[in-house]
Amino acid sequence: MVYRVASSILPLPRLITTTISVTEMTAVLCKMKKTFKQAGTAGISVLLCLSFFGCTSSVNQKTTKYDHSTILMGTVVSESVYLSGEDNSSDIFSDIDSVIDKLENENLSWRVKGSDVYNINTSESESEGTDLRKTQVSKITADCIRRALEIGKASDGALDISIGAVSHLWNFDADSAAHTPPPDSDIKEQLPLVNYSRSYIDENNFVFTAKGQELDLGAVGKGLACDEVAKYLTTKKDIFGAIVSVGGSVLLYGKNPERKDGTYNVAVRDPFGSSNDYMGVLNLPGGTCISTSGDYEKTFVYEGKTYHHILNPKTGYPAESNITGVTIVSGSGIDTDALSTAAFIKGYGEKTLELLKKYGAEAVFITHDKKVYVTDGLKDKFTLPESAAGFTVVD
């Protein structure tokens, strides 16, 4: 059986996201839905554009694999489930989509009026005796913000969810063909508002932010979505295993019935190749989350210079470090998402390794000169294939 996550054509689940724009993907989905509407369940496989809706495959006598893809949280979401009972995949996919959609629209979106983050960013309610605004949020949002602020402090601000005032200037979700960098004067004007230490949350789930601050949970939201989907999957006894990819974050759940040991093979993208090229393979069990950050996703070119979407909170500009990409592995989606951003910005080094150790996470770092650094916990799980020309694993 061939696994395909995001936009790969590989005998592996892919970890990376496609470089196709959401606008283009929407057009593809609409066209495919019209062409294959007789297939019933709306969805495409984790291959995205190259698979049929309602795709199923018989894995063995006890399980059947079903695939579905859609667009949520401004990115491509790919879902594969192995069912040991009757085919209720359409209900499962609908439920998974609802979990992610609800998280986006009720909790995380800074655009959707009425969401927790929107309410935080537009709040005019002042905390008595301070110059801070306060907003009460749901438990899911509160727990997310607490963890993000904690990792922000542990990373010395490499992860900073108060970066919204600057990240919204860049608006990397816009059509890249029409993209230009924001004026330097605008960045400098908003940069003083980027300071995670001026935001906090109390035991009653009130979020306190400085006036003018805007939170942006884009660096943790897709990982959180993986965690919320995992909670849902545990309520379904007939799901033998599953792979759910939300942008650059992936959830491996249960067991892979196509391998005797139940593990999954996950490809790590080649930062120097196309979106379908990979340079390494991770063999991982269910109950694992993976997130990747790299300077090759969500980019645009202006006057000959390429800009990527991972901003350094200290400068307000795309981060520059000694790595071109990093893949984080742990049991927590929100941790992998947050740590991949922090690790990319900090680069490979002792402080980054200490940060990962603090949160029980492992990593694969790829430098600009194709050196690969693999942390101890992944060394027996990572393989560099012969096709990965020029890459060298450094002990």
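Bear in mind the structure is a predicted one, so any value in this text is a computation, not a measurement.

The number of helices and strands found in the protein is nine helices and 18 strands. Across the 395 residues in the protein, those meeting the buried criterion constitute 54%. A separation of at least 24 residues holds for 61% of the contacts in the protein among residues at least 6 apart in sequence. About 17,200 Å² of surface is accessible on the protein, with carbon and sulfur atoms providing 49% of the total.

Excluding glycine, most residues fall at negative phi; most peptide bonds, likewise, are trans. Phi at aspartate 156 is positive, roughly 60°, even though this residue is not glycine. When you line up the elements, aspartate 156 lands in the loop between helix H4 (139-154) and helix H5 (164-170). Since its relative accessible area comes to 48%, aspartate 156 is described here as partly exposed.

In this model, the protein carries a mean pLDDT of 86, and residues with pLDDT of at least 70 account for 83%. Overall, residues 1-54 carries pLDDT values under 50, and its contacts beyond four positions in sequence, including any with other chains, amount to 145 contacts.

A separate point is the pairing of strand E14 (residues 323-330). Within E14, eight of the eight residues are buried, which leaves the element mostly enclosed by the surrounding structure. Note that strand E11 (residues 288-294) and E14 share six bridges and pair antiparallel. What sits directly across from serine 293, in E14, is valine 326. Alignment of E14 against strand E15 (residues 362-367), held across six bridges, turns out to be antiparallel. Opposite valine 329, over in E15, you have glutamate 362 as the bridge partner.

Here the focus is the pairing of strand E13 (residues 305-308). As judged from the four bridges shared by strand E12 (residues 299-302) and E13, these two strands associate in the antiparallel manner. For phenylalanine 300, the partnering residue across the bridge sits in E13 and is tyrosine 307.

Here we take up the sheet that holds strand E10 (residues 278-284). With antiparallel pairing, the three strands of this open sheet are ordered in space as E9-E10-E17. Only two strands of the sheet have a single neighbouring strand rather than two, namely strand E9 (264-269) and strand E17 (382-383). Examined bridge by bridge, E9 and E10 share six bridges and lie antiparallel to one another. Its bridge partner lying in E10, valine 266 is registered against leucine 282.

Pairing in this open sheet of three strands is antiparallel, and the strands run E4-E6-E5 from one edge to the other. The open sheet has two free edges, formed respectively by strand E4 (132-136) and strand E5 (200-201), since each of these has just one partner strand. In the sheet, E4 pairs with strand E6 (residues 206-210) via five bridges, with the strands oriented antiparallel. Considered in E6, the bridge of leucine 132 is made with alanine 210.

Bringing the packing of aromatic side chains into the picture now. What the rule picks out here adds up to 10 aromatic pairs. Judged by centre distance (5.6 Å) and plane angle (45°), the ring pair of phenylalanine 172 and phenylalanine 300 falls under tilted. Remark: phenylalanine 300 occurs in strand E12 and phenylalanine 172 occurs in the loop between H5 and helix H6 (184-190); sequence separation between them is 128 residues. Using a relative accessible area of 2% as the deciding quantity, one classes phenylalanine 300 as buried. Between the aromatic rings of tyrosine 200 and phenylalanine 208, the centroid separation amounts to 4.5 Å while the plane-to-plane angle is 5°, which identifies the pairing as stacked. Site record: aromatic cluster; members linked through ring pairs are Trp170, Phe172, Phe300, Tyr307 and Tyr317. The cationic tip of lysine 134 hangs over the ring face of phenylalanine 206; the distance from NZ or CZ to the ring centre is 5.3 Å.

Turning to the pattern of salt bridges, a few remarks are in order. Per the counting criterion, the structure on display carries 13 salt bridges. Between lysine 65 and aspartate 67 there is a salt bridge, and its shortest N-O distance comes to 2.9 Å. Accessibility assignment for this pair places lysine 65 and aspartate 67 in one class, buried. For lysine 211, the salt bridge goes to glutamate 126, with nearest N and O atoms at 2.9 Å. Remark: glutamate 126 occurs in the loop between helix H3 (116-122) and E4 and lysine 211 occurs in the loop between E6 and helix H7 (221-233); sequence separation between them is 85 residues. By relative accessible area, glutamate 126 is classed as partly exposed at 46%. Ionic contacts of the salt-bridge type, sharing partners, join the residues Lys139, Asp143 and Arg146 into one network.

What counts, and where the lines are drawn
Residues numbered from 1 in each chain as written. Predicted model: local features only at pLDDT ≥ 70, side-chain atom pairs only at ≥ 80, totals over all residues. Heavy atoms only, no water. Helix = DSSP H or I, 4+ residues; strand = E, 2+ residues; numbered from the N terminus. Buried < 20%, exposed > 50% of the residue type's maximum accessible area, 1.4 Å probe, protein only. Contact = heavy atoms within 4.5 Å. Areas by Shrake-Rupley, 256 points an atom, 1.4 Å probe, with all protein chains shown as cover. pLDDT = per-residue confidence, 0-100. Pairing = 2+ DSSP bridges. Phe/Tyr/Trp six-rings, centres within 6.5 Å; stacked < 30°, edge-to-face > 60°. Lys NZ or Arg CZ within 6 Å of the ring centre and 35° of its normal. Salt bridge = Lys/Arg side-chain N within 4 Å of Asp/Glu carboxyl O.

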